[in-house]
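Overview (structure and organization)
Below are the chains, spelled out letter by letter.
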Amino acid sequence: MNAISVRDVYKYFGTLCAVKGVTLDVVEGEFFGLLGPNGAGKTSLINMISGLSVVDSGSIEVNGSDVSKDYLRARRMLGVVPQELVFDPFLSVYQTLKFQSGYFGIKHNDSWIQEILGALGLDEKADSNMRSLSGGMKRRVLVAQALVHRPPVIILDEPTAGVDVDLRQGLWKFIRELNERGHTIILTTHYLEEAESLCGRIGMLKKGELVVVEKTEQLLQSSEGLTIRLLIASGDCHLPESLNSFQTKLIPGGAEIIVPNASNVEEVLAHLRVANIKYDSLQLDRRDLEDVFVSVMRSGKDG
Ligand SMILES: Nc1ncnc2c1ncn2[C@@H]1O[C@H](COP(=O)(O)OP(=O)(O)OP(=O)(O)O)[C@@H](O)[C@H]1O
Ligand SMILES: [Mg+2]
């Protein structure tokens, strides 16, 4: 069954089309990454999935329930960690989670609340007032709040923005475990190395359009190769024409040359020697999700 099914969805804000004909299925049990630059439409799409805003056209189902026709059931299937910090400053952490359970009609939830508090490193803050918490701690509570009703589908909208290394690691361990227990996870993040290591499949939004949906493995394979990064102290870099058969670009303080495989490195170095290009240091990097992301966003085409 599909955990999320989005069909030709559009969202307008005045004349701005924030989400343009997005169609997407996320299968039950998946760990799905929704990526895109600022303003691409990720949060707009998530808000429509969670029923916070309505679609202008198209339809959305969560675990088979239509988000507008069967709102209550669809909402119960879903836990959303919102991008913006929203909380009641007068409640303690524990009360916040207790009230949230109440909204879903759950009475005896203490052992689950304790488990969530422990997993998110919040046990010592249980009785603290929300307004006294640091930004990162507040974000932990938002994650806890999304989980109180044990939703089968969990959407996290940039959950690690502004949180320390400790929580990141703890949070990912916990979210991975939830995924292993069968929960479907949808994650948006600007930390592409997080997406690369966590998500089995990735969708990329560009100006409201879903331009790529692919298995992470496949995306990485499609961009096999190495980046040769040259740093030149004088900052004066003119690459020879003999390198035109490779993808090259000037970067601050040097240049990058992308080669299909390791055997091309020697060839590139030979061309640099012949052209008498003197570099101060040279770095070799495997192509990663960030490279794929950048090239997709530049071209707007698949892969
Ligand atoms: N309530 C609103 N009223 C008017 N415009 C809006 C509203 N919400 C979003 N937008 C616009 O819709 C576009 C998509 O915004 P959205 O918040 O969905 O992007 P995003 O991909 O989540 O970006 P970010 O990575 O910065 O969180 C932006 O141009 C934004 O300014
Ligand atoms: Mg957003």
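So, a few notes on the structure that sits alongside this text. This is a predicted model, so every value here is computed, not measured.

Now for the nonpolar core. Counting 49 residues, the largest nonpolar core has Leu120, Met204 and Leu289 as the members making the most contacts within it. Per-element accounting of this core gives the leading share, seven residues, to helix 5 (residues 135–147). With sequence-adjacent residues up to four places away left out, Leu120 is seen in contact with Arg140, Val143, Ala144, Leu167, Leu171 and Phe174. Judged by nonpolar contacts, the second largest core, of 26 residues, contains Ala3, Val19, Leu34 and Ile155.

A few words now on the sheet that holds strand 11 (residues 226–231). Here four strands make up an open sheet; going across it, the order is 12-13-11-14 and the pairing antiparallel. On the outer flanks of this sheet lie strand 12 (247–251) and strand 14 (281–286), each paired with one strand and no other. Neighbour-to-neighbour, the strand axes of this sheet turn through a mean angle of 20°, independent of strand direction. Here strand 11 pairs with strand 13 (residues 254–259) via six bridges, running antiparallel. Within the sheet, the bridge partner assigned to Thr227 lies in strand 13 and is Ile258.

This brings us to the pairing of strand 8 (residues 184–188). Of all five residues in strand 8, five are buried, a share of seventy percent or more. Here strand 8 shows two buried faces, one formed by Thr184, Ile186 and Thr188 and the other by Ile185 and Leu187. In the sheet, strand 3 (residues 31–35) pairs with strand 8 via three bridges, with the strands oriented parallel. Residue pairing across strands places Phe32 opposite Ile186, the latter belonging to strand 8. With five bridges joining them, strand 7 (residues 153–157) and strand 8 adopt parallel strand pairing. Bridged to Leu156 within strand 8 is Leu187.

In total, this model carries 13 salt bridges according to the counting rule given. Note that Lys173 is salt-bridged to Glu177, the shortest N-O span being 3.4 Å. Remark: Glu177 and Lys173 occur in helix 6 (residues 165–180); sequence separation between them is four residues, near one turn of the helix. You can call Lys173 exposed: its relative accessible area is 55%. Taken together, the shared-partner salt bridges connect Arg229, Lys249, Glu256 and Asp285 into one network.

The next thing to look at is unusual backbone geometry. Of note in this structure, Arg150 is not a glycine but carries a positive phi near 45°. Within the secondary structure layout, Arg150 lies in the loop between helix 5 and strand 7. By relative accessible area, which is 48% here, Arg150 ends up partly exposed.

Time to look at the site of ligand 1. Close to ligand 1 lie 14 residues, the nearest being Gly39, Lys42, Thr43, Ser44 and Gln83. A distance of 2.8 Å separates an oxygen atom of ligand 1 from a polar atom in the side chain of Asn38. Against a free-state accessible area of 640 Å², the protein chains account for coverage of 61% of ligand 1. Elements with a contribution of two residues or more to the shell around ligand 1: strand 2 (16–27) and helix 1 (42–49). Looking at side-chain class alone, the shell around ligand 1 contains five nonpolar, seven polar and two charged residues.

Reading the values: the criteria
Residues numbered from 1 in each chain as written. Chains lettered and ligands numbered in written order. Predicted model: local features only at pLDDT ≥ 70, side-chain atom pairs only at ≥ 80, totals over all residues. Heavy atoms only, no water. Core = buried A, V, L, I, M, F, W, Y, C linked by side-chain atoms within 4.5 Å. Buried < 20%, exposed > 50% of the residue type's maximum accessible area, 1.4 Å probe, protein only. Helix = DSSP H or I, 4+ residues; strand = E, 2+ residues; numbered from the N terminus. Contact = heavy atoms within 4.5 Å. Pairing = 2+ DSSP bridges. Axes fitted to C-alpha atoms, helices over the stretch in contact; angles between N-to-C directions. Salt bridge = Lys/Arg side-chain N within 4 Å of Asp/Glu carboxyl O. Near = heavy atom within 4 Å. Polar contact = N/O pair within 3.5 Å; in protein donor to acceptor, adjacent residues only side chain to side chain. Areas by Shrake-Rupley, 256 points an atom, 1.4 Å probe, with all protein chains shown as cover. Nonpolar A, V, L, I, M, F, W, Y, C, P; charged D, E, K, R; others polar.

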